[in-house]
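Overview (structure and organization)
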Amino acid sequence: MPFVRIFPLRISGQYQDSKTYKARLFYDMESEGELIKGRDCEVFFKKGTRPVHPWTLKVGKHGGDLSDYKTFMDSLCFYIFHELRYYLESGEEEMQSFYIAIDFKDVHFSLFNEAQSEED
């Protein structure tokens, strides 16, 4: 899959600890003209120490299609926090029941699979 379009549909999840939210990313993917609908994978929002852009978005252990798309995850994270201006809290006990739900409308990301591009 050297070139794909990824259509994020929704991220939903929950506070896990003071620096982590565990969520599922639901998306569709187009590759070589074929639209693959109804995909999902585990993702984690991790809080770092960078003041301007403190959150990162990482694929879980079984990321499936998205494991090789770090650029997509970085771009989606930027889109969530800078374009949509979504705000996540980080804290302790009072946050344990905090849920996140982000719906995406009419947005897609076109990109190359960096891992496959380097192998060619």
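Residues numbered from 1 in each chain as written. Predicted model: local features only at pLDDT ≥ 70, side-chain atom pairs only at ≥ 80, totals over all residues. Heavy atoms only, no water.

**Section: the nonpolar core**
- Counting 29 residues, the largest nonpolar core has I6, I11, L25, F45, L66, F72 and L76 as its most contacted members.
- Every element with two or more residues in this core is listed here: β1 (3-17), β2 (20-31), β3 (34-47), β4 (55-59), α1 (70-83), β5 (99-103) and β6 (109-112).
- When residues of this core are assigned to their parent elements, the largest contribution, six residues, is made by α1.
- Dropping the residues within four chain positions of it, L25 is found in contact with P8, R10, I11, R39, D40, C41, V43, L66, F72 and L76. (Core = buried A, V, L, I, M, F, W, Y, C linked by side-chain atoms within 4.5 Å. Buried < 20%, exposed > 50% of the residue type's maximum accessible area, 1.4 Å probe, protein only. Helix = DSSP H or I, 4+ residues; strand = E, 2+ residues; numbered from the N terminus. Contact = heavy atoms within 4.5 Å.)

**Digging into the confidence of the model for the protein**
- Looking at the protein as a whole, the pLDDT averages 84, with 85% of positions reaching at least 70.
- Between residues 116-120, whose pLDDT stays under 50, and residues either more than four places distant or in other chains, the model counts three contacts. (pLDDT = per-residue confidence, 0-100.)

**Let's talk about α1**
- Look at α1: 19 Å from first C-alpha to last across 14 residues, which is about the 20 Å you get at 1.5 Å a residue.
- Turning to α1, the residues buried within the fold contact β1, β2, β3, β4, β5 and β6. (Expected span 1.5 Å × (residues − 1).)

**Some details on the side chain of D28**
- Relative to the assigned elements, D28 resides in strand β2.
- At 2.9 Å, the side chain of D28 forms a polar contact with the backbone nitrogen of G38.
- Residues contacting D28, with those up to four places away along its chain left out, are R5, I6, F7, L9, L35, I36, K37 and G38. (Polar contact = N/O pair within 3.5 Å; in protein donor to acceptor, adjacent residues only side chain to side chain.)

**Looking at the environment of L111**
- Position of L111 among the secondary structure elements: in strand β6.
- Between the C-alpha atoms of L111 and T71, which are 40 residues apart in sequence, the distance is 8.1 Å.
- Leave out the neighbours within four places in its chain, and L111 touches P2, F3, V4, I6, Y69 and F72.

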